[in-house]
Amino acid sequence: MVRTLNLEISEVATQVTNSFHVAEAPEPDRAALAFDRAREAMGPVMAELLETIQHQDDPLLIDIALKADMVGFAAEIVSAWDFQHQSRSVFTGVYKQMLRSEPHAVAGQWRSQAQKYSKQRLYAGRDLASGFSQQLAERIADLLTVAGASSTMEDIHAAHEQHLQTIVRTALDLQRVIGEEVVACDYEVLIVHFDTVYDEEEMDDIYGSEVATAGPPGMVPRVLSTADLGLRKAVKVADSTEGDVETTMLLKPKVVLDTIVYELGLVDDEDASPSSADTPN
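Just so it is clear, the structure is predicted and the values come from calculations on it, not from any experiment.

Conventions we followed
- Residues numbered from 1 in each chain as written.
- Predicted model: local features only at pLDDT ≥ 70, side-chain atom pairs only at ≥ 80, totals over all residues.
- Heavy atoms only, no water.
- Pairing = 2+ DSSP bridges.
- Helix = DSSP H or I, 4+ residues; strand = E, 2+ residues; numbered from the N terminus.
- Contact = heavy atoms within 4.5 Å.
- Axes fitted to C-alpha atoms, helices over the stretch in contact; angles between N-to-C directions.
- Salt bridge = Lys/Arg side-chain N within 4 Å of Asp/Glu carboxyl O.
- Buried < 20%, exposed > 50% of the residue type's maximum accessible area, 1.4 Å probe, protein only.
- Parallel < 35°, antiparallel > 145°, perpendicular 65-115°, else oblique.
- Left-handed = near helix turned anticlockwise from the far one by under 90°.
- Nonpolar A, V, L, I, M, F, W, Y, C, P; charged D, E, K, R; others polar.
- Patch = residues over 30% accessible without salt bridge, like charges linked within 9 Å, V, L, I, M, F, W, Y side chains within 5 Å.
- Areas by Shrake-Rupley, 256 points an atom, 1.4 Å probe, with all protein chains shown as cover.
- Lys, Arg positive; Asp, Glu negative; His and termini not counted.
- Charge placed at Lys NZ, Arg CZ, Asp CG, Glu CD.
- Arc of directions from axis to C-beta.
- Phe/Tyr/Trp six-rings, centres within 6.5 Å; stacked < 30°, edge-to-face > 60°.

(A) Molecular detail of the sheet that holds strand β2 (residues 204-205). Read from one edge of the open sheet, 3 strands run β2-β6-β3, paired in mixed fashion. Each edge of the open sheet carries a strand with a single partner, namely β2 and β3 (223-228). Pairing of β3 with strand β6 (residues 254-257) involves 4 bridges; the strand directions are antiparallel. When the sheet's bridge partners are listed, Ser-225 is paired in β6 with Val-256. On the sheet, helix α4 (residues 60-79) packs against β3 and β6 and is oriented at approximately 70° with respect to β3.

Shown next as structure tokens:
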């Protein structure tokens with residue numbers, strides 16, 4: 001299901017990127033709001049690259065940004081307990097406490113019931129896909145606005161509604177399977193945060209080693225964004241009283257490295273990488 005979700009996200013990113021056109025500058029208030037939301041969703045470097053680079057002839061960066069934003073949105077859905085931010089820390093704290101004292105299957109059964117009945121109480125079987133797909137369309141519209149297009153949430157939703165709902169429904173199904181159906185272990189979808197040092201044991205460079213080695217000599221590649229979700233399995237260590245778990249990487253997340261700006265010729269080799277330039281000493 002994770003691979004399916006990654007494929008669905010990639011297809012929508014390609015469709016939206018292929019339809020990108022530069023338009024007249026949007027209203028300043030709308031542009032500022034879109035930039036702030038894009039910065040929060042993807043980090044400062046990606047937002048600034050989207051805003052400052054001309055994308056009409058080569059929209060690759062738009063495709064990268066769209067994947068990063070949709071992957072992050074999908075990960076939020078899959079990792080949620082009941083889609084209420086204020087309850088996440090409470091549920092997570094109780095679950096970690098149970099893992100210290102109970103077998104994983106017992107704690108997992110509680111996690112399953114807590115997620116199932118909390119969602120029933122909050123939503124009473126209501127279909128959440130429509131609302132989430134509109135939220136996703138709004139995030140996409142923000143990115144396109146920052147990049148120089150004039151698309152609104154309504155435009156994006158009307159043009160891609162079916163595909164956006166497919167992404168959301170796959171994410172919701174995965175959330176239910178991981179949260180409610182699996183009890184003997186935990187599965188965690190993985191993204192890699194911006195500016196994380198690249199570690200080939202924990203992630204894959206989606207463009208291969210050529211991009212990883214771009215840039216000035218001695219430069220340490222860092223993550224610009226996540227392109228594909230990963231998946232990790234965790235099982236409680238037998239007899240552990242601290243909730244220690246053994247983890248197995250089932251699918252490494254795929255990332256875009258900051259060295260891609262050198263590969264694309266967006267900065268000179270003598271310049272600092274976008275990530276390190278914004279990282280305090």
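(B) Fine view of the pattern of salt bridges. Tallying each qualifying case throughout the model produces 14 salt bridges. With its nearest N and O atoms 3.6 Å apart, the salt bridge here joins Glu-138 to Arg-37. Of the two residues, Glu-138 is situated in helix α7 (residues 129-147) and Arg-37 in helix α2 (residues 28-42); the sequence distance between them amounts to 101 residues. Arg-169 serves as the salt-bridge partner of Asp-127, at 2.8 Å between the closest nitrogen and oxygen. Of this pair, Asp-127 sits in the loop between α6 (104-123) and α7 while Arg-169 sits in helix α8 (residues 153-181); the two residues are 42 residues apart in sequence, bridging distant segments of the chain. Given a relative accessible area of 43%, Asp-127 falls into the partly exposed group. One network of salt bridges, in which partners are shared, links Arg-37, Glu-138 and Asp-142.

(C) Looking closely at the packing of α2 against α7. One way to put it is that α2 packs onto α7 with a least axis distance of 8 Å and a crossing angle of 115°. Accordingly, the angle class assigned to the pair α2 and α7 is roughly perpendicular. The way α2 lies across α7 gives a crossing that is left-handed. For the pair α2 and α7, the contacting residues are Arg-30, Ala-31, Ala-34, Phe-35, Arg-37, Ala-38, Ala-41 and Met-42 in the first and Glu-138, Arg-139, Asp-142, Leu-143, Thr-145 and Val-146 in the second. Tallied by class, the residues present in the contact of α2 with α7 amount to 8 nonpolar, 1 polar and 5 charged.

(D) Structural detail: a negative patch on the surface. A grouping of Asp-199, Glu-200, Glu-201 and Glu-202 is seen on the molecular surface, where their side chains present a negatively charged patch. Topologically, Glu-200 is positioned in the loop between β1 (186-190) and β2. Residue Glu-200 is classed as exposed on the basis of its relative accessible area, which comes to 52%.

(E) Structural detail: helix α5 (residues 85-101). Among the residues making up α5, those that are buried are Ser-87, Phe-91, Tyr-95, Met-98 and Leu-99. In a view along the axis of α5, the buried residues occupy a sector of 105°, so they form one face of it. Turned more than 90 degrees off the buried face of α5, the exposed positions are Gln-86, Ser-89, Val-90, Lys-96 and Ser-101. Considering only its buried residues, α5 is in contact with α6, β1 and β4 (230-236).

(F) Main features of the packing of aromatic side chains. Applying the stated criterion across every chain yields a total of 7 aromatic pairs. Ring geometry for Phe-91 against Trp-110: centres 6.3 Å apart, planes inclined by 55°, an arrangement best described as tilted. Of this pair, Phe-91 sits in helix α5 while Trp-110 sits in helix α6, and the two are 19 residues apart along the sequence. On the basis of relative accessible area, Phe-91 is assigned to the buried category, the value being 17%. Among the residues examined, Trp-110 registers a relative accessible area of 27% and is labelled partly exposed. Among the aromatic residues, ring-to-ring pairing joins Phe-73, Phe-83, Tyr-123 and Phe-132 into one connected group.

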